[in-house]
Amino acid sequence: MAKKRTAEERSIDHASQQLLIRADSLGLDTAFARADAMPACPIGAGSSGLCCKNCFMGPCRITKEGQVGVCGATSSTIAARNMARAIAAGSAAHSDHGRDVAFTLLAAAEGEAQGYQVRDDVKLRAVAAYYGVPTAGKTTAALAKEIAQKAITEFGQQKGELAFVKRAPKKRQDLWRKYGIAPRGIDREVVDVLHRTHMGDDQHPEHILKGALRCALADGWGGSMIATELSDVLFGTPSPKVGQVNLGVLKDDEVNIVLHGHEPTLSEMIVAAASEPELIEYAKSKGANGINLAGICCTSNEILLRQGVASAGNFLNQELALITGAVEAMVVDVQCIMQALPNLAAKFHTKFITTSPKVMIQGGMHIEFDEHRALDIARQIVRVACDNYPNRGEVVIPDDAQDLIPGFSHEYINYMLGGSFRASFRPLNDAIMSGRIRGVVADVGCNNPRVTQDKSHAWLVREFLKNDVLVVQTGCGALASGKLGLVTGEAALEHAGPGLREVCEATGMPPVLHMGSCVDNTRILTVLTQMAQEGGLGDDIADIPAVGLAPEWMSEKALAIGAYAAASGACVIFGLESPVEYSDEVTRVMDEVWEKELGGKLLFVSDDETMFKKSLEHIDKKRAALGLPEYDPSRFGRSGDQRMNDVLALPLETQADVMYGGVR
Ligand code: SF4
Ligand code: MSK
């Protein structure tokens, strides 16, 4: 049995450590403990892509060089098929989220979705333009209905290309067409991968992975992009807000409702219900001082960005939130919800409530979401939580809650940099061209209990900032940085290199931009596209000095994101063990073949330092290819607040000379 790790070895986060110790003292299991107790695959093949159970002549476990499955499938075919199926599952999950948002928009436009309305008419009209839908003379409701129907149609579309493909740089679109991976319809591409990886179908590793890339593109430039864009239409496009993150956001004297999962639809209604005076009074009638909402995972990111609702943290905080004993109800929708939760909730007074028609967990209470009466359902859930307040036992809430400023949507970055008269990415491109910003890193993705929670995210983000690399984040990675105080304006003074700090001081932006939830990685695609179109950084995403990282990934959705980012031209590096490690051929296809055909690649690197080094090498290689000056931090940093600090360190007389010069 593997060694049991200490709380410090399991998480770098003080709040998590405190609750892990409490879990041990109460004899409670967590994912951290189960990861310690779960032995590695006995044949050493499972996590590395060499176990196939695609038919019932198997399972076939390839453990020796040259061994093949019962059907003759090689290790490369098995590794490619497993990878493709994971990408298809991830794409399906993200995209189905997009479908549900589109159906909610349709119901809202038809006046049948209680509590919902179009909150961003401007974005609705922008999306209409991408769909080629004329807007003149149309009411918001009529246009919203038309757009929702267009989006819904894209899931079942059989031929042609998804509409958002045209948002990519022209050169990129042509590459997709040439390589044969321009996505046709969202569901079609998922089905295509499931079909081609069935026993006896596609058995050519590069060809299997080509299908997987097309499927991933149907997610990134299809389902996920629909989820992001239509969520903005319905709930508002994010802009910066001050929020808080970590388990200390739970309150010891209020009804705590934790919202966990991914979708904004029901959680937005719970936010609305929880602020209704009657329900606040109801909570008080049960002895509480009010109702406190907190998120976990990406539902958290959705309501943090748009409503400023505090976050109780990322993926590995889900069980720890229950261990505080302070949660009256944990309400979940879809994705990243551990099955251990209902049993753990039962050890406390917590009501564990599933809400999605797709997700029911034994031991939980099921209150099914229906967008037609969402507000009533939300009120019912809030009442269940309030009724539970008097049942609380001992409560231990860590004293850790950190301010953060999330909400950097594509639109806001454009506005922030260009100003209100002419929104523009020009200043960002100029900062990269001058070398103030060396490049951009997107550090995204999950926590994984097999490695220390938040440690890789934290180390990498801090190192990149020191080296003048602007960091953009989504998902659990963004919440990890939030917990460490890196998503604030002040973080630039402490952590950013001299050039990046100048840019942050000039614009007021944090050096780490929190751009949203997992589906919102599409915001990064459109930002990169606009940077390519702005001029000076080539004419395609592949030309930009940028890298995508997922150092603590665990989900199939992360692989889908990595694949669509690579197909979009990005160099993508994942941490942990490679799921295709034992196939040199598949590893080569994802690195060399994809780079040759598409300019992007997907690598697996298990140690943070190598990941960091490879990222900087890639950024510097792209800078050199663009003919940009070599990175030289000594040219920057003698302005702004640093200049003022330098001056204040001088003797008083000299300070006066410097500050007032000839005017004195
Ligand atoms: Fe074995 Fe081939 Fe069946 Fe896979 S598809 S389980 S390799 S026989
Ligand atoms: S929630 S997919 S653990 S980022 Fe989006 Fe976090 Fe990964 Fe789930």
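Report on the accompanying structure. Not measured: the values here are computed from a predicted model.

## Considering the overall build of the chain
- A count of helical and extended segments in the chain gives 27 helices and 15 strands.
- At 25 Å, the chain has a C-alpha radius of gyration in line with the 26 Å of a compact globule built from 664 residues.
- Principal-axis analysis of the C-alpha atoms places the extent of the chain at approximately 80 × 65 × 65 Å.
- Residues counted as buried form 61% of the 664 residues belonging to the chain.
- Sequence separation of at least 24 residues holds for 76% of the intrachain contacts in the chain that already meet a minimum separation of 6.
- Accessible area of the chain: about 24800 Å², with a carbon and sulfur share of 52%.
- With 67 positive and 83 negative side-chain charges, the chain shows a spacing of 4 Å between the two charge centroids.

## Side note on the site of ligand 1
- Neighbouring ligand 1 are the residues Cys52, Asn54, Cys55, Met57, Gly58, Cys60, Gly69, Val70, Cys71, Ala73, Arg81 and Met199.
- Judged by the fraction of its atoms near the pocket grid, ligand 1 is located in the second largest cavity.

## Re the packing of aromatic side chains
- All told, the structure shown has eleven aromatic pairs when counted by the stated rule.
- Here Trp553 and Phe604 contribute two aromatic rings whose centre-to-centre distance is 6.0 Å and whose plane-to-plane angle is 55°, an arrangement assigned as tilted. Here Phe604 lies in strand β15 (residues 601–604) and Trp553 lies in the loop between β13 (546–550) and α23 (556–567), a separation of 51 residues in the sequence.
- For Phe604, a relative accessible area of 17% gives the class buried.
- Directly above the aromatic system of Phe164 lies the positively charged group of Arg167, at a separation of 5.3 Å from the ring centroid.
- Here the basic side chain of Lys210 rests over the ring of Tyr179, its NZ or CZ set 4.6 Å away from the ring centre.

## Quick notes on the environment of Phe235
- On the secondary structure map, Phe235 appears in helix α9 (residues 205–235).
- Look at Phe235 and you get buried, because its relative accessible area is 4%.
- In this structure Phe235 touches Tyr116, Arg119, Pro264, Thr265, Glu268 and Arg306, once residues within four positions along its chain are discounted.

## Brief notes about the site of ligand 2
- Taken together, His262, Cys297, Cys298, Phe315, Cys336, Gly445, Cys446, Cys476, Cys518, Met554, Ser555 and Lys557 are the residues near ligand 2.
- Residues from two domains meet in the shell around ligand 2; each of domain 3 (243–391) and domain 4 (407–631) gives at least three.

## Some thoughts on the packing of helix α5 (residues 121–130) against helix α6 (residues 140–156)
- For the pair α5 and α6, interaxial distance at closest approach is 10 Å and the crossing angle is 45°. By the angle between their axes, α5 is oblique relative to α6. In the packing of α5 onto α6, the handedness of the crossing is left-handed. Residue-level contacts link Asp121, Leu124, Arg125, Val127 and Ala128 of α5 to Thr140, Leu143, Ala144 and Ile147 of α6.
- Classifying every residue of the contact of α5 with α6 by side-chain character gives six nonpolar, one polar and two charged.

## Quick look at the pattern of salt bridges
- In the structure shown here, the tally under the stated rule is 48 salt bridges.
- For Arg177, the salt bridge is made with Asp174, and the minimal N-O distance between the two is 3.3 Å. Note that Arg177 and Asp174 are positioned in helix α7 (residues 170–179) at a spacing of three residues, about one turn of the helix.
- The class of Asp174 is partly exposed, set by a relative accessible area of 33%.
- Residue Arg196 pairs with Asp202 through a salt bridge whose shortest N-O separation is 3.0 Å.
- Overlapping salt bridges, with partners in common, bring together Lys123, Arg167, Glu229, Asp232, Glu302, Arg306, Glu411, Asp520 and Arg523 in one network.

## Side note on the sheet that holds strand β12 (residues 512–516)
- The six strands lie next to each other as β12-β11-β10-β13-β14-β15, forming an open sheet whose pairing is parallel. The strands lining the two open edges of the sheet, one partner per strand, are β12 and β15. Pairwise comparison of adjacent strand axes, ignoring direction, gives a mean angle of 20° for this sheet.
- Pairing of β13 with strand β14 (residues 571–574), which is carried by four bridges, proceeds in the parallel orientation. Within the sheet, the bridge partner assigned to Leu549 lies in β14 and is Ile573.

## Some remarks on helix α18 (residues 455–466)
- For α18, with twelve residues, the first-to-last C-alpha span of 17 Å sits near the 16 Å given by 1.5 Å per residue.
- All of the buried residues in α18 are Ser456, His457, Ala458, Leu460, Val461, Glu463, Phe464 and Leu465.
- In the stretch just after α18, Asp468 is the one whose phi turns positive, near 65°.

## Side note on the environment of Asn343
- Following the sequence through the fold, Asn343 ends up in helix α14 (residues 341–346).
- On the basis of relative accessible area, Asn343 is assigned to the exposed category, the value being 55%.
- A sequence separation of 314 residues divides Asn343 from Asp29, and the C-alpha atoms of the two residues are 9.9 Å apart.

## Remarks on the sheet that holds strand β6 (residues 327–332)
- The sheet built from five strands is open, its strands ordered β5-β4-β6-β7-β8 with parallel pairing. Strand pairing shows two members of the sheet lacking a second neighbour, β5 (291–296) and β8 (365–366), which therefore form its edges.
- Running over the sheet, helix α10 (residues 264–274) touches β4 (255–261), β5 and β6 and is turned about 160° from β5.

## Some words on empty space enclosed by the protein
- Counted according to the given criterion, the structure contains six cavities of 30 Å³ or more.
- If you add up the space inside the largest cavity, you get close to 260 Å³.
- Lining the largest cavity are 23 residues, with Ala442, Ile524, Gly548, Ile561 and Ala565 positioned closest to its centre.
- Looking at the lining of the largest cavity, the elements that each hand over two or more residues are β10 (439–443), α22 (521–534), β13, α23 and β14.
- Residue classes in the lining of the largest cavity are distributed as 18 nonpolar, five polar and no charged.
- Looking at the second largest cavity, its volume works out to about 90 Å³.
- Looking at side-chain class alone, the lining of the second largest cavity contains nine nonpolar, three polar and two charged residues.
- When residues of the lining of the second largest cavity are sorted by domain, at least three fall in each of domain 1 (7–59) and domain 2 (75–235).

## Focus: the layout of surface pockets
- Computed from the structure, the second largest pocket encloses a volume of approximately 260 Å³.
- Contributing to the lining of the second largest pocket are 20 residues, with Lys123, Glu229, Thr237, His410 and Glu411 lying nearest its centre.
- Residue assignment for the lining of the second largest pocket shows that the elements contributing at least two residues are α5, α9, α16 (410–418) and α22.
- Looking at side-chain class alone, the lining of the second largest pocket contains six nonpolar, eight polar and six charged residues.
- Here the lining of the second largest pocket spans two domains, and each of domain 2 (75–235) and domain 4 (407–631) adds at least three residues to it.

Rules behind the numbers
Residues numbered from 1 in each chain as written. Chains lettered and ligands numbered in written order. Predicted model: local features only at pLDDT ≥ 70, side-chain atom pairs only at ≥ 80, totals over all residues. Heavy atoms only, no water. Helix = DSSP H or I, 4+ residues; strand = E, 2+ residues; numbered from the N terminus. Rg over C-alpha atoms; globule rule 2.2 N^0.38 Å. Buried < 20%, exposed > 50% of the residue type's maximum accessible area, 1.4 Å probe, protein only. Contact = heavy atoms within 4.5 Å. Areas by Shrake-Rupley, 256 points an atom, 1.4 Å probe, with all protein chains shown as cover. Lys, Arg positive; Asp, Glu negative; His and termini not counted. Charge placed at Lys NZ, Arg CZ, Asp CG, Glu CD. Near = heavy atom within 4 Å. 1 Å grid on protein atoms, 1.4 Å probe; cavity = no way out; pocket = protein on both sides within 12 Å on 5 of 7 lines; lining within 4 Å. Sits in = over half its atoms within 2 Å of the grid points. Phe/Tyr/Trp six-rings, centres within 6.5 Å; stacked < 30°, edge-to-face > 60°. Lys NZ or Arg CZ within 6 Å of the ring centre and 35° of its normal. Domains from an automatic or database assignment. Axes fitted to C-alpha atoms, helices over the stretch in contact; angles between N-to-C directions. Parallel < 35°, antiparallel > 145°, perpendicular 65-115°, else oblique. Left-handed = near helix turned anticlockwise from the far one by under 90°. Nonpolar A, V, L, I, M, F, W, Y, C, P; charged D, E, K, R; others polar. Salt bridge = Lys/Arg side-chain N within 4 Å of Asp/Glu carboxyl O. Pairing = 2+ DSSP bridges. Expected span 1.5 Å × (residues − 1). Points joined across faces, edges and corners; volume = space filled by probe spheres on them.

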